[in-house]
Amino acid sequence: MNRPDPARWRAAALAALWMQVAALLGTAAFALWRSADVSRYFNAAEALLAALVMAWWTTLLGRVLTARPTPATDGVSRALTLTFPWLTSLRGALWGLTLFGILGGATPRRTRSP
């Protein structure tokens, strides 16, 4: 019976996470490029914050999976420790603004064509 190679699966998992970071950056760029209203800034900011946090987590996970030490003076670890609660709160506030905008009728109404 073939046993899966753990190093191969770790590399595939990290590649998938980096692809997700790239997709979030693409989402932010698309929101700024295609949208014509003020909500594009909220959508782009939320996607950029998500990409930043995902990139930090992926960097730290890559170090843990390859058994590299992460010293207390490591910049990524310190940045994530200091800013993660604030970034999470800000992302929650942006989600709330989006929800209030949708509930308040900020989305364009669709008209049915005959």
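Scroll up for the structure.
Quantities reported herein were computed from a predicted structural model and do not represent experimental measurements.

Quick notes on the rules
- Residues numbered from 1 in each chain as written.
- Predicted model: local features only at pLDDT ≥ 70, side-chain atom pairs only at ≥ 80, totals over all residues.
- Heavy atoms only, no water.
- Helix = DSSP H or I, 4+ residues; strand = E, 2+ residues; numbered from the N terminus.
- Buried < 20%, exposed > 50% of the residue type's maximum accessible area, 1.4 Å probe, protein only.
- Phe/Tyr/Trp six-rings, centres within 6.5 Å; stacked < 30°, edge-to-face > 60°.
- Core = buried A, V, L, I, M, F, W, Y, C linked by side-chain atoms within 4.5 Å.
- Contact = heavy atoms within 4.5 Å.
- Axes fitted to C-alpha atoms, helices over the stretch in contact; angles between N-to-C directions.
- Parallel < 35°, antiparallel > 145°, perpendicular 65-115°, else oblique.
- Left-handed = near helix turned anticlockwise from the far one by under 90°.
- Nonpolar A, V, L, I, M, F, W, Y, C, P; charged D, E, K, R; others polar.

Q: A description of unusual backbone geometry should follow, citing residues and the corresponding values.
A: Unusually for a residue other than glycine, Ala-67 sits at a positive phi of about 60 degrees. With respect to the helices, strands and loops of the structure, Ala-67 is situated in the loop between helix 2 (39–65) and helix 3 (75–103). Here Ala-67 falls in the exposed class, since its relative accessible area comes to 67%.

Q: Tell me about the packing of aromatic side chains, residues and numbers included.
A: The final tally for this structure, using the stated rule, is two aromatic pairs. Both rings, one in Phe-30 and one in Trp-33, keep their centres 6.3 Å apart while their planes meet at 65 degrees; by these two values the pair is edge-to-face. With a gap of three residues between them, Phe-30 and Trp-33 both fall in helix 1 (residues 6–34), about one helical turn apart. Aromatic pair Trp-57 and Phe-84: ring centres 5.7 Å apart, planes at 85 degrees, arrangement edge-to-face. Placement of Trp-57 in helix 2 and of Phe-84 in helix 3 is noted, with a sequence separation of 27 residues between them.

Q: A description of the nonpolar core should follow, citing residues and the corresponding values.
A: Counting eight residues, the largest nonpolar core is built from Leu-49, Val-53, Trp-56, Leu-60, Val-76, Leu-80, Leu-87 and Leu-94. Looking at this core, the elements with two or more residues in it are helix 2 and helix 3. Not counting the four nearest positions on each side in its chain, Leu-49 is found in contact with Leu-87, Leu-90, Arg-91 and Leu-94.

Q: Tell me about the packing of helix 1 against helix 2, and name the residues and values.
A: In the contact formed by helix 1 and helix 2, the axes pass within 8 Å of each other and the chain directions differ by 165 degrees. It follows from the interaxial angle that helix 1 and helix 2 lie roughly antiparallel. As helix 1 packs across helix 2, the resulting crossing turns out to be left-handed. Among the residues making up the contact of helix 1 with helix 2, the classes are represented as 19 nonpolar, six polar and two charged.

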